[in-house]
Every structure is written in C-alpha cells, then in structure tokens.
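Descriptive analysis of the structure
Spelled out, the chains give:
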Amino acid sequence: MNIHVFEEQSQIDRVGALLVAAQVLRKPDSVLGFATGSTPLGIYRQMVEMYRGGLVDFSQCYTFNLDEYYGLAPDHEQSYAYYMWKNLFADLELDPEQVNLPDGLAENPEEECWEYEEKIADLDGIDFQILGIGRNGHIGFNEPGSVFEAHTHLVDLTADTRDANARFFDNPEEVPSQALSMGTGSIMRAREIVLIATGSEKADAVAAMVNGPVDPACQASILQCHPVVTILLDQAAAAKL
Ligand code: GLP
C-alpha cells in the first residue's frame, strides 16, 4: 500500500484528480470505477476543471459505479445515478452509453448483478477504481463479514451504514435497507485502486485497513493483498496509524 497523508482536503482533491487524469492520458479508453459519498466530491470537481481546461478528455472512457440503492429510480435525488450525473458525468459531457450503474429498480436483482459483472468483463475489467471507505470499513456496500470473493450482489445494509447515510435523506426512515453493490471480489479485480478517507470518524476503519489482520470484519483490509493501491488521507483519518 502506498499511503500519503495531506494537510488539506484541497490537496487530496487535486492529487486524486491528477491520478485519474494520468490514467486517462496513458489509456484514453480506460474503464474507470467511481464511488459516491461526500469524500470523492472534491476530486470530481477537480476532474471537471481539468476537462474544461482541455487537459484530459474522457470521451473514450467507460465508467462503472460501485453501487446503487435498491428501490431507488435513477432520477431519485438520493440515487447514486442522480449523484453521478449531477456531480460529474454531465460536466464531463459523457454519453449515457459510456456510463454504467446497477439498476436500482431491477425486477430481478440477481440477474441484474450478473449482467453487471458481464458488462465489466466484456470491457476487459476496470482499469482504475476510486474508493471511499465506510466507518465500519466497508468498501462499496460490502458490509463487515461479507465474503471477500463476492461478485456484484444484493446487500442488506447495516443499521450503522443506514445511519451514516441518513444525512442525505429528509427522513432517516427513507434510507433504503438494501443496495446492489459490486462485491469485494469485483473491486479486487480492478488493476489499480485509489482509496480516499478524510475525517476522524474514518480513523478506526483506516487503521484496521492498513495495520489490522486481513479479516472480513474490515472489508477494506483485503486491499493489503492488492498489488497497486494508493491511499490518500487527511491527518484526522490517519491519526490511528
Ligand atoms: C457509502 C458508499 C461507499 C462510500 C461510503 C463513504 O456507503 N456506498 O462507496 O465509500 O458511503 O461515504 P462518505 O464518503 O460520504 O463518507
């Protein structure tokens, strides 16, 4: 693991965007994996700046998102599809054909998950995956105890995860109880991974990921076994290392 600790959020945002840009400059038809949540928002803003400044062109890329709430339509304001179009894809002027997220309204979630894995495989896998981390160590929506080999699957969200994400909803009861998520096994097949964590509430999860045993209780700990992982932290998230 290649770990960098920064003083300012703005440094993480710029470095994260630089790493994405470097990937796309090296391989213009990169398959990029994206995460949602608050943490990557600054990176997405910097990517848009770079695109508008003519530094990098995403027109040949394909994207896959880690997860989507089960039961939310893509135009629901709390869906991850809505988040991605609002915060990144529209500003990068991506074609919907380039973009992939699990369908939160899929009638047959199991079939949807297998089709999602097939789409990733058809494009020869994910080249570069951005990850956040949940305060319980989850990556994507792979909750503690999930099998490390998991493919994309329907997940029952823990009370802690629903609580952590309730801030985005008007009423905590509206937080869906399930999600479709790439499995930890799917994430591990990405050729390169950049994980970002900021704030003191991530410090325990970051310590377990980096220094703890490789244990499904902290899903991110499996990243110790991945050959190309870069971790971008602020000092609060790195405090327990
Ligand atoms: C959600 C997402 C994860 C994300 C995590 C952390 O649970 N499924 O992909 O990493 O939240 O979010 P935040 O960056 O808002 O702390």
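Source: prediction; values computed, not measured. (Residues numbered from 1 in each chain as written. Predicted model: local features only at pLDDT ≥ 70, side-chain atom pairs only at ≥ 80, totals over all residues. Heavy atoms only, no water.)

The backbone of Glu93 shows a phi angle near 55°, a positive value even though the residue is not glycine. For Asp124, which is not glycine, the phi torsion reads 70° and is therefore positive. Mapped onto the fold, Asp124 is located in the loop between helix 4 (109-122) and strand 6 (128-131). Asp124 gets classed as exposed once you look at its relative accessible area, which sits at 56%. (Helix = DSSP H or I, 4+ residues; strand = E, 2+ residues; numbered from the N terminus. Buried < 20%, exposed > 50% of the residue type's maximum accessible area, 1.4 Å probe, protein only.)

Moving on, we come to the pattern of salt bridges. By the definition in use, this model includes 10 salt bridges. Across the pair Glu192 and Arg26 runs a salt bridge whose closest N-O atoms are separated by 3.9 Å. With Glu192 in strand 9 (residues 192-197) and Arg26 in helix 1 (residues 9-26), the pair connects residues that are 166 residues apart, well separated along the chain. Classification of Glu192 as buried rests on a relative accessible area of 16%. Under the relative-accessibility criterion, Arg26 is labelled exposed at 59%. Put simply, Arg135 and Asp160 hold a salt bridge, and the shortest N to O gap is 3.1 Å. Taken together, the positions of Arg135 in the loop between strand 6 and strand 7 (153-156) and Asp160 in helix 5 (residues 159-165) put the pair 25 residues apart, joining distant regions of the chain. (Salt bridge = Lys/Arg side-chain N within 4 Å of Asp/Glu carboxyl O.)

This part takes up the sheet that holds strand 5 (residues 99-100). With parallel pairing, seven strands are arranged side by side in an open sheet as 1-10-9-6-2-3-5. This sheet does not close on itself; its edge strands, each paired only once, are strand 1 (2-6) and strand 5. As paired elements, strand 6 and strand 9 share four bridges and run parallel to each other. Among the inter-strand pairings, Phe128 is bridged to a residue of strand 9, identified as Glu192. (Pairing = 2+ DSSP bridges.)

Further remarks concern the packing of helix 2 (residues 41-52) against helix 3 (residues 80-89). With their axes 9 Å apart at the nearest point, helix 2 and helix 3 run at an angle of 45° to one another. Classified by the interaxial angle, the pair formed by helix 2 and helix 3 is oblique. Contacts between helix 2 and helix 3 involve Leu41, Tyr44, Met47 and Val48 from the first element and Tyr83, Met84, Asn87 and Leu88 from the second. Of the residues in the contact of helix 2 with helix 3, the class split is seven nonpolar, one polar and no charged. (Axes fitted to C-alpha atoms, helices over the stretch in contact; angles between N-to-C directions. Parallel < 35°, antiparallel > 145°, perpendicular 65-115°, else oblique. Contact = heavy atoms within 4.5 Å. Nonpolar A, V, L, I, M, F, W, Y, C, P; charged D, E, K, R; others polar.)

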